[in-house]
Amino acid sequence: MGMSIRRLAAACGAEVIGADLVRPLDAAAVQQIHRALGEHGVLLFRDAGITPEQHIAFSRQFGPLEAHVVGEFHLAGHPEVFVVSNVREEGRLKGAVYAGQYWHSDLSYMSKPSLGSLLLCREMPEVGGDTMWANMYLAYETLSGPMKRFLGGLKAVHDYSHAYDTYFAALKERPPLTPEQKAKTPPVEHPVIRTHPVTGKKALYVNPGFTTGFAGMPEEESRPILDFLFRHATRPEFIYRHKWSVDDLLFWDNRCTMHYALADYDFTVRRHMHRTTLAGDEPF
Ligand code: OGA
Ligand code: MN
């Protein structure tokens, strides 16, 4: 059976209908999904009642996976599955809590950031806990010519510690990175405007979670421009907001979108997700 693609919103996002999530895809289907990913930024596969092994096998067809640098949040026996969860068992959290509750692109703080992530919903509150994606092609395309030219010559600094110093600072469940974790995540520089290797389109590549400034510019110059870019990139018309159902699998492109997990639900209600993370290349 062939696959079909149906757009979910004007900004970005599309549903893939008829993809086999269990048996291997042929090369044409893998290519079709890669293209749709680059074009739509976020792909929804519904009713993905798959096991961790099947989730890993499905994901691997799109490239090698990586294990998260903060080693403690993976599924037992499966370093490829990063657990995003507020569920406690015997007082211990089963995964990364408060993950992604700020705009970010996964692993932008690595010299080779993630190509894309595949997040599978296991448990979800009845209301709340949506995730939003922003289309960073649109963010770039709607800038003025002079701003595009200015940003085109710049690199930005990305630093994982930034999220810990700001968003996680008051949270005892997310203690500061250890010296070993810090040593694995030194600040890195990436072009502010990157070219998507599949679509050839340009996208804005800075995010509030991890981007701290522009290379070679003092804070007082960087800050107002970054603040403008973050405000601009998160305009409502650039956003797809997903209301999760259990067994939804969302595959997003970290090269042309950023995302945000809404913390608007009752934290005593379980929200439990499994993520695989595709390795990526150096942005250009
Ligand atoms: C992630 C993430 C968002 C969410 O897994 O990378 O940011 O809604 N999660 O859980
Ligand atoms: Mn994320």
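In this convention, every chain numbers its residues from 1, walking through the sequence in written order. A letter from A marks each chain and a number from 1 marks each ligand, given out in the order of writing. Per-residue local features of the predicted model are confined to residues with pLDDT of at least 70, and side-chain atom pairs are confined, for both listing and counting, to 80 or more; whole-chain, interface and lining totals are unaffected and use all residues. Computation of side-chain values covers all heavy atoms of the structure but excludes hydrogens and water.

Can you tell me about the packing of aromatic side chains, naming the residues and giving the values?
In this analysis, rings of Phe, Tyr and Trp, with Trp reduced to its six-membered ring, are considered paired at centre separations within 6.5 Å, and the interplanar angle assigns stacked below 30 degrees, edge-to-face beyond 60, and tilted for intermediate values. Here the structure, examined in full by the defined rule, presents 17 aromatic pairs. Residues F45 and F58 carry aromatic rings whose centres are separated by 5.5 Å and whose planes lie at 75 degrees to one another, so their mutual orientation is edge-to-face. You can see F45 sitting in strand β3 (residues 42-45) and its partner F58 sitting in helix α2 (residues 52-60), a full 13 residues away along the chain. Each member of the pair F45 and F58 is classed as buried. Site record: aromatic cluster; members linked through ring pairs are Y102, Y109, Y160, Y164, Y167, F168 and F210. A cation sits over an aromatic face here: K148 above Y140, 5.2 Å from the ring centre. We call a charge positioned over a ring when the NZ of a Lys or the CZ of an Arg lies within 6 Å of the ring centre and within 35 degrees of the ring normal. When the ring centre of Y137 is taken as origin, the NZ or CZ atom of K201, which lies over that ring, is 4.1 Å away. A run of H or I in DSSP becomes a helix once it reaches four residues, and a run of E becomes a strand once it reaches two; helices and strands are each numbered from the N terminus. Each residue is placed in one exposure class: buried if its accessible area under a 1.4 Å probe, protein chains only, is under 20% of its type's maximum, exposed if it is over 50%, and partly exposed if it falls in between.

If you had to explain α2 to someone new, which residues and values would you point to?
Three or more residues of α2 are buried, namely P52, H55, I56, F58 and S59. In a view along the axis of α2, the buried residues occupy a sector of 165 degrees, so they form one face of it. Where the residues of α2 are buried, they touch β3, β4 (74-75), β5 (78-85), β8 (116-123), β16 (249-253) and β18 (272-278). Comment: arc refers to directions from the helix axis out to C-beta atoms. For this analysis, residues touch if any pair of their heavy atoms sits within 4.5 Å.

Hey, could you go over the coordination of the manganese ion (ligand 2) for me, with residue numbers and the actual values?
Within the protein, the atoms that donate to the manganese ion (ligand 2) are H104 (NE2), D106 (OD) and H259 (NE2), at distances of 2.1 to 2.2 Å. Counted as donors are the N, O and S atoms within 2.8 Å of the metal, or 3.2 Å for Na, K and Ca, while water is not among the atoms, so some sites may look incomplete. Mapped onto the polypeptide sequence, the residues donating to the manganese ion (ligand 2) form the spacing pattern H-x1-D-x152-H. Of the two residues, D106 is situated in the loop between β7 (92-93) and β8 and H259 in strand β17 (residues 257-261); the sequence distance between them amounts to 153 residues. For D106, a relative accessible area of 3% corresponds to the buried category. Its relative accessible area of 5% is what places H259 among the buried residues.

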